[in-house]
Amino acid sequence: MIEPPETNYNEGVFNTPSLKRLRMKKNMILISFYFLCIGVLSCSSSHGKMNLNGVYEKTPKANTAHANPLLDFVYCADPTAIVHEGRVYVYGSNDQQQCDSVGIEVTDNTYEYIHSLVMISSDDMVNWTYHGAINVEEAAPWTGKKGVSWAPSIVSRIEADGRTHFYLYYAHGGGGVAMLTSTSPVGPWADPLGHDIVYFGMPGLEECPAPFDPGVVIDEHGQGWLSFGGGTASYGTDYMPGSARIVRFGDDMMSVVGDIVEIPAPYFFEASELNYINGTYIYSYSTNWVERNEWPYSTIEKPTTCCIGYMTSKTPLVKDSWEYRGNILKNPGEYDGMSWANNHTHFLKFKDNYYMFYHNRILEEARGIKPGFRSICVDEIDVNEDDATITLGTMTRRGPVQIKNVNPFQWQSAANTAATYNIKYVKGVEPGKMILQADGSEQFFEVRGVDCTGYPEKIEFRAKGKGEITVRRDGLNGEEIAKVHFDADDWKVISADLLSTSNGIHDLCFVFEKGKILLDEWRFKSKTYAYLHNFKQNPKL
């Protein structure tokens, strides 16, 4: 987040001198955006040309090898992530809610209508399951209609009841940090406190005018930590604003204990995050937009404009123990023709690789609009665990390689996609369950890296409604392998024979030709696969 808008939550907090200075700097730097004419992207379907020219629906991913952004039908930003049971779960600010509230012809994203957090997950880093949004207003009604919800950070821990508990912290505007809890990574979520954990003006925060953008971590001793901050202290300078903070959590992860300590972060602006690797605490943050006129280091390069810098410490409550280590991600405006934007990241290790999650504006750029609605992306990053050295990363449209193939002989959610066009989802009965809603208006979704080994013979859908789906192999122009007709007033498993053999690894494209359908899941059926699967389970058969 660049700064909280004046109209939200606590007018006194948002009109502090430091935040006014933030707004002035932002207004001097950010360009006035304008609405651009929309081009036309066309691709072939089974019944002729699909004129993919809807402003809201354009995607930079379909019929490409691009894996970024993670979602191409929802704007979301300020990522945090956690690994649970073989999947990585990502959460972010719901910029789509802002877009839906103000439209696409606005000149700036002011974040004031964001009252929810987006949830997605993946086990292969290319196909992402959309779990919907956390309705923070519903889970924490004390926040009120203007209690905006930004920039989450999440940790989990097995508690005394033997269950994994998830602790999700978020910026309750620019004036504080609140939290939600759950025993599932997709909810239901509840607010156990009914108030902020840290807030503007609390004892020990007199010199932190914007205690927002939380970063959380639990170290090897089970101790939880919280970082946050924004604005400029009364004694601060452009080089050392003096408002980055860290504090210990209480044992309950719902309170802070002890002193709140300043992290001396050079050119600090916002977007605090914490990691912990082999006894080293890693603090990353977004630097500010000002000129780098002061720099005392001779062996470390100055941080670039609004980049992500990082610092390390073995003793986080000792201010002078924090060491600035360098850039780990530049601003989007410095990568491959992307637009300038604010900056917010989180990195983590998943299945032996480190990944950097970040946001930029490539989805809205593909749609020819520039209000500042952001999208979460990911790329691999190099981390030396021995000395906590992080190599400068990059932002790409291609994204990471797929690390696991999709098994089509198991039920696959229709909310698990690599690319989409004009797709919409509605809530299912279970928390985090989303159902695809199709109306036949030139919609499709793509699933990549599908392992068809086992010679599938049929395709099944759990769906209801009336309509038709065409399944194509390896792109919208690829071979048609199935055409399925639906006519069911209630949920039903509907199947059809495959028109051709699809053994091997393929990308699948599901095209909604006509009618109105609610689609839950799909899978292949195969006698060969069933035999091979049973043989693996019991070789004596």
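Residues numbered from 1 in each chain as written. Predicted model: local features only at pLDDT ≥ 70, side-chain atom pairs only at ≥ 80, totals over all residues. Heavy atoms only, no water.

Undergrad: I'd like a rundown of the packing of aromatic side chains, residues and numbers included.
TA: Per the stated rule, a full pass over the model turns up 29 aromatic pairs. Ring geometry for W225 versus Y281: centroids 5.4 Å apart, planes at 70°, classification edge-to-face. With W225 in strand β12 (residues 224-229) and Y281 in strand β16 (residues 280-287), this residue pair connects regions lying 56 residues apart in the sequence. Overall, the relative accessible area of 6% leaves W225 in the buried class. Aromatic rings pair up to connect F409, F445, F461, F486, F510, F512, W522 and F524 into one cluster. One Lys or Arg, R292, reaches over the ring of Y267 and ends 4.6 Å from the middle of that ring. (Phe/Tyr/Trp six-rings, centres within 6.5 Å; stacked < 30°, edge-to-face > 60°. Helix = DSSP H or I, 4+ residues; strand = E, 2+ residues; numbered from the N terminus. Buried < 20%, exposed > 50% of the residue type's maximum accessible area, 1.4 Å probe, protein only. Lys NZ or Arg CZ within 6 Å of the ring centre and 35° of its normal.)

Undergrad: Go over the confidence of the model for the protein, please, and point to the residues and values.
TA: Overall, the predicted model of the protein reaches an average pLDDT of 89, with 87% of residues at or above 70. When the criterion is pLDDT under 50, residues 1-53 qualifies, and its contacts beyond four places in sequence or with other chains add up to 138 contacts. (pLDDT = per-residue confidence, 0-100. Contact = heavy atoms within 4.5 Å.)

Undergrad: Describe the pattern of salt bridges, and please don't skip the residues or the numbers.
TA: Evaluated as defined, the whole model comprises 19 salt bridges. Among the ionic pairs, E468 bridges to K483, the shortest N-O distance being 3.5 Å. Of the two residues, E468 sits in strand β30 (residues 458-473) while K483 sits in strand β31 (residues 479-497), which places them 15 residues apart along the sequence. A single network of salt bridges, built from pairs that share partners, joins K433, R462, D520 and E521. (Salt bridge = Lys/Arg side-chain N within 4 Å of Asp/Glu carboxyl O.)

Undergrad: Give me the lowdown on the environment of V102, citing residues and values where you can.
TA: Turning to its location among the elements, V102 is positioned in helix α3 (residues 95-102). You can call V102 partly exposed: its relative accessible area is 29%. As a C-alpha pair, V102 and Y113 span eleven residues in sequence and 8.5 Å in three-dimensional space. Each residue touching V102, except ones within four places of it in the same chain, is listed here: Y113 and F373.

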